[in-house]
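Here is what each chain is made of, one letter per residue.
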Amino acid sequence: MKGFGFLTFGHWRAVEGSRVRTAADALRQTVELAVAAEEIGASGAFVRVHHFARQLASPFPLLAAMAMRTSRIEIGTGVIDMRYENPLYMAEEAAATDLLSDGRLQLGVSRGSPELVINGYEAFGYVPGPGRTAAEEARAKTAQFLRAVEGAGIAPGDPRKGPAGLVPIQPQSPGLRQRIWWGSGTRDTARWAAEQGLNLMSSTLLSEDTGVPFHELQAEQIRVFRAAWAQAGWSWTPRVSVSRSVVPITTDEDRAYFGDGRDESQDTVGLLEGAVARFGRSYIGEPDVVAEELARDEAVRLADTLLITVPNMLGVEYNARLLESFAKYVAPALSHDDG
């Protein structure tokens, strides 16, 4: 592990115990947590994107605000559901946000995850083409987005007003293309990501199951990705991130919220959209125990970036202390390179 950051879903609820009661609370506190994380020494501040839910949904204004309040920490998404996006407008927004951040944007995109509504992207005006699945539509949009980010000509120019030929979108942000990630839930999609020249983002869920522990299956996914990357012949080194729920128990408040973590110490297997999926365990306990267990996590050892999914509804102060505890007690045991 070369760096760690946080991943927030940005939940808000006006319920007992919640310190994030409104959408405004969720947005402002995400910015404040990014500032705190940078001061602690974390390397990344990432947001999850969900539509039709009381969670973060429009990432670019939020990322821009985070960029203007920080100077070093990477800012990013994990992930944007491409089924909902206009890829050309998104390319403009991404480039503008990247320029504001001085090249710190790490943009995770994917097909998206199960949601509260049926085909919500169609309500946004995006209906997959004839014979094309939603996943295929997301990949097609991603390809168009990548072309736009690369500076390819998109629309024919009017020779009466400027140069003829195809005109690219503006602005362009040099280097952004190499900082696009694909959120992958299987070994096949990890291979596809490598073939497209996308970094790999893998979470606490894999939408396949082979009967082996989650971290071993995810490690296999990472190896498949890196082998496919080498075969594709890309000229730069890709990055790999994995997400984990990690809570080092250091205070009575931690124990009151999370206990000793025994109930969360095993993977779970279930059905996700009709297919068998494996959900990764949580790492909750005394800091030395958490450090030892994470050090044995094969996928964590192979990844260069670990994203900690924070319980954002407990507020900025609590989550900043959680990240500080991780940085102080756990991260040193993970800062090595297994290739």
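Everything below is about the structure shown above.
Fair warning: this is a prediction, and the values are worked out from it, not measured in the lab.

What follows is about the nonpolar core. Counting 79 residues, the largest nonpolar core has Phe4, Met66, Leu107, Phe145, Leu294, Leu323 and Phe326 as its most contacted members. Beyond its immediate stretch of four places on either side in the chain, Phe4 contacts Ala42, Ser43, Gly44, Leu306, Ile308, Leu323, Phe326, Ala327 and Ala331. Listed in part, the 6 residues of the second largest apolar core include Leu7, Val79, Trp181 and Leu307.

Here we come to the environment of Thr250. Tracing the chain through its elements places Thr250 in the loop between strand S10 (240-248) and helix H8 (252-258). Separated by 36 residues in the primary sequence, Thr250 and Glu286 place their C-alpha atoms 6.8 Å from one another. Ignoring any residue separated from it by four or fewer positions in sequence, one finds Thr250 in contact with Pro287, Arg321, Ser325 and Tyr329.

Along the chain, the position of Thr97 falls in helix H3 (residues 87-100). Once residues lying within four places of it in the same chain are set aside, the contact partners of Thr97 are Phe60, Leu63, Ala64, Ile75 and Leu105.

Taken as a whole and assessed by the stated rule, the structure comprises 12 aromatic pairs. Taking 6.1 Å as the distance between ring centres and 90° as the angle between the ring planes, the aromatic pair formed by Tyr84 and Tyr121 counts as edge-to-face. Placement of the pair is Tyr84 in the loop between strand S3 (74-81) and H3 and Tyr121 in helix H4 (residues 120-123), with a sequence separation of 37 residues. As far as the burial class goes, Tyr84 and Tyr121 line up, both buried. Here the aromatic rings of Tyr257 and Tyr318 are separated by 5.5 Å at their centres, their planes lie at 85°, and the arrangement is edge-to-face. In this pair, Tyr257 is assigned in helix H8 and Tyr318 in helix H11 (residues 316-330), connecting sequence segments 61 residues apart. Over the ring of Tyr283 we find Arg281; its NZ or CZ atom is 4.1 Å from the centre of that ring.

The next point concerns helix H1 (residues 23-40). Given a rise of 1.5 Å per residue, 18 residues ought to cover 26 Å, and the 26 Å separating the end C-alpha atoms of H1 matches this to within 8%. Of the residues making up H1, those classed as buried are Ala26, Gln29, Thr30, Val31, Leu33, Ala34, Val35, Ala36, Ala37 and Glu38. If you follow the buried residues of H1, they end up packed against strand S1 (3-8), strand S2 (44-47), helix H2 (59-69) and H11.

The final tally for this structure, using the stated rule, is 19 salt bridges. Asp254 serves as the salt-bridge partner of Arg321, at 3.0 Å between the closest nitrogen and oxygen. Remark: Asp254 occurs in helix H8 and Arg321 occurs in helix H11; sequence separation between them is 67 residues. Residue Arg321 is classed as partly exposed on the basis of its relative accessible area of 22%. Through salt bridges with shared partners, one network takes in Glu74, Arg239 and Asp304.

Calculation criteria
- Residues numbered from 1 in each chain as written.
- Predicted model: local features only at pLDDT ≥ 70, side-chain atom pairs only at ≥ 80, totals over all residues.
- Heavy atoms only, no water.
- Core = buried A, V, L, I, M, F, W, Y, C linked by side-chain atoms within 4.5 Å.
- Buried < 20%, exposed > 50% of the residue type's maximum accessible area, 1.4 Å probe, protein only.
- Contact = heavy atoms within 4.5 Å.
- Helix = DSSP H or I, 4+ residues; strand = E, 2+ residues; numbered from the N terminus.
- Phe/Tyr/Trp six-rings, centres within 6.5 Å; stacked < 30°, edge-to-face > 60°.
- Lys NZ or Arg CZ within 6 Å of the ring centre and 35° of its normal.
- Expected span 1.5 Å × (residues − 1).
- Salt bridge = Lys/Arg side-chain N within 4 Å of Asp/Glu carboxyl O.

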